[in-house]
Amino acid sequence: MSEQRHALFDSLLQDLSDRSRDEVLAAFSAVQYAAHPVAEVQLAGLRDVTLRRQVQRMLKLIGRTLVHVDGTHWTAGYDDDIAATLTAQGWQPLPVIDRAVLVLVLIHSVAIPRSEGILTGDSWKSARPTTVDELRTSRISGEERRLALQRLRAAGLIQLSGDHSGGPAYIPGPQLQRLTAAARRRLQDQLILAAAPASPIAEAIRARNGAPSAGPVEAPVAVGTTTGDDA
């Protein structure tokens, strides 16, 4: 951690013992920079409630927050208020093509199985990978799709499934676990409304949000037929 970054946290760390400070800094670095959520048992800065509170305060100073994953792991994501401000200002790190491909993967791997009752719970883990054939139904050219898949994999937003017997297939990546509970719920609801607008779970979502019953819902990506090689 750079001296500049360390100086930002001096007021939070100055009263800690050397050992506690090291444990807090180790936990902060782990949740911020690890590719996957970190097991609580691995770091005292996450196991100990008092030290974990210090980690949360450090994250708050940079617009981040602790995110609890599966009850036993931790990671860091954007605070909901910060995310709302960035969105209102038009901040969007992903190109349109990448967003379209990501939405397709999430619809096929998460939203449709969830609307059918196959996938339950509040998680991005899915045993139902999105196949290349399913991705080919969009009006995205094969080359654009291939490059988008590469970028999304590099960013940790999607990953290859373990079973390659039928060719490459994709599931949500670990970076989606950085979403807070509120952000996760909003995205999952929108995906279900797009994927299965007439399903009982979609009706429940509209009722909870005070929205009218099902009407025509446009798919996030127009449907057509294309050909091309994929990553």
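Residues numbered from 1 in each chain as written. Predicted model: local features only at pLDDT ≥ 70, side-chain atom pairs only at ≥ 80, totals over all residues. Heavy atoms only, no water.

Per an unreviewed UniProt entry, the recorded name for the protein is DprA winged helix domain-containing protein, and the organism is Kribbella solani.

### A short note on the layout of surface pockets
One way to see where empty space is left: roll a probe the size of a water molecule over the atoms. Spelled out, the test is: Cavity means a closed set of points on a 1 Å grid over the protein atoms alone, one where a 1.4 Å probe fits but cannot get out, pocket means an open set with protein on both sides within 12 Å along at least 5 of 7 lines, and lining means a residue has an atom within 4 Å of a point. Grid points are joined across faces, edges and corners, and a volume is the space filled by probe spheres set on the points. Labels follow the DSSP assignment, with helices taken as runs of H or I lasting at least four residues and strands as runs of E lasting at least two, numbered in each case from the N terminus. Note that domain bounds follow an automatic or database assignment of domains.
For the largest pocket, the calculated volume is near 1100 Å³. In terms of lining residues, the largest pocket is bounded by 25 residues, among which Tyr78, Trp91, Gln92, Pro93 and Leu179 are the most central. Elements represented by at least two residues in the lining of the largest pocket include exactly strand E3 (73-78), helix H6 (80-88), helix H7 (96-115) and helix H10 (181-195). For the lining of the largest pocket, the leading source of residues is H6, giving five residues. When residues of the lining of the largest pocket are sorted by domain, at least three fall in each of domain 1 (8-84) and domain 2 (96-209). Contributing to the lining of the second largest pocket are 15 residues, with His36, Lys125, Gln159, Pro174 and Gln177 lying nearest its centre. The residues that make up the lining of the second largest pocket include at least three from each of domain 1 (8-84) and domain 2 (96-209).

### A few points about the sheet that holds strand E4 (residues 130-131)
Worth spelling out the cut-off: Between any two strands, pairing holds if DSSP finds at least two bridges. Should any heavy atoms of two residues lie within 4.5 Å, those residues are considered in contact. Note on geometry: axes are lines fitted to C-alpha atoms, helical ones only across the stretch in contact, with angles between N-to-C directions running from 0 to 180 degrees.
Taken in spatial order, the three strands line up as E4-E6-E5 in an open sheet, and their pairing is antiparallel. Looking along the sheet, the strands with just one partner apiece sit at the ends: E4 and strand E5 (158-160). Where E4 and strand E6 (residues 169-172) come together, two bridges link them in antiparallel fashion. Its bridge partner lying in E6, Thr131 is registered against Ala169. Against the sheet, helix H9 (residues 142-154) contacts E5 and E6, and its axis sits at roughly 100° relative to E5.

### Side note on helix H3 (residues 18-33)
Counted only if it meets this: Given a helix with a known number of residues, its expected span is that number minus one, times 1.5 Å. Buried residues are those whose accessible area, probed at 1.4 Å on protein chains only, stays under 20% of the maximum for their type, while exposed residues exceed 50% and partly exposed ones sit between those limits.
Here H3 contains 16 residues, and its C-alpha end-to-end distance of 22 Å stays within 8% of the 22 Å for a straight helix at 1.5 Å per residue. Taken residue by residue, H3 has Ser20, Val24, Leu25, Ala27, Phe28, Ala30, Val31 and Gln32 as its buried positions.

### Let's talk about the nonpolar core
Worth spelling out the cut-off: Note on terminology: a nonpolar core comprises buried Ala, Val, Leu, Ile, Met, Phe, Trp, Tyr and Cys residues joined through side-chain atoms within 4.5 Å.
With 26 residues, the main nonpolar core has Leu102, Leu152, Ile158 and Tyr170 as its most contacted residues. Of all elements in the fold, only H7, helix H8 (132-135), H9, H10 and helix H11 (200-209) reach the threshold of two or more residues within this core. Here this core takes nine residues from H7, the largest share from any one element. Those residues in contact with Leu102 that sit more than four places away from it in its chain are Leu94, Leu152, Leu157 and Ile158. Counting residues in each nonpolar core, the second largest holds 18 residues, with Ala27, Ala30, Val55 and Ala76 among its members.

### A look at the packing of aromatic side chains
The geometry of an aromatic ring pair is captured by the separation of the ring centres together with the interplanar angle, meaning the angle of the planes. Note the following rule: When the centres of two rings from Phe, Tyr and Trp lie within 6.5 Å, Trp using its six-membered ring, the rings pair. Their planes under 30 degrees apart give stacked, over 60 give edge-to-face, and anything left gives tilted. When the NZ atom of lysine or the CZ atom of arginine is within 6 Å of a ring's centre and also within 35 degrees of its normal, the charge is said to sit over that ring.
Enumeration over the complete set of coordinates arrives at two aromatic pairs. When the centroid spacing of 5.2 Å and the interplanar angle of 65° are considered together, the rings of Phe9 and Phe28 count as edge-to-face. Here Phe9 is found in the loop between helix H1 (3-8) and helix H2 (10-13), whereas its partner Phe28 is found in helix H3, with 19 residues between them in sequence. A relative accessible area of 0% means that Phe9 is categorised as buried. Ring centres of Tyr78 and Trp91 lie 5.9 Å apart, and the angle between their planes is 70°; this geometry places the pair in the edge-to-face category. In this pair, Tyr78 is assigned in strand E3 and Trp91 in the loop between H6 and H7, connecting sequence segments 13 residues apart. The class of Tyr78 is partly exposed, set by a relative accessible area of 38%. Directly above the ring of Tyr78 sits Arg64, whose terminal nitrogen or CZ lies 4.7 Å from the centroid.

### A closer look at unusual backbone geometry
The residue Asp70 is not glycine, and still its phi comes out positive at about 60°. Within the element layout of this structure, Asp70 appears in the loop between strand E2 (64-69) and E3. What makes Asp70 partly exposed here is its relative accessible area of 47%.

### Observations regarding the pattern of salt bridges
What counts is decided by this rule: When a carboxyl oxygen of Asp or Glu is within 4 Å of a side-chain nitrogen of Lys or Arg, the pair counts as a salt bridge.
Summed over the entire model, instances satisfying the criterion amount to nine salt bridges. Residues Arg146 and Glu143 are paired through a salt bridge, measuring 2.7 Å at the closest nitrogen-oxygen approach. Taken together, the residues Arg146 and Glu143, both in helix H9 and three residues apart, mark about one turn of the helix.

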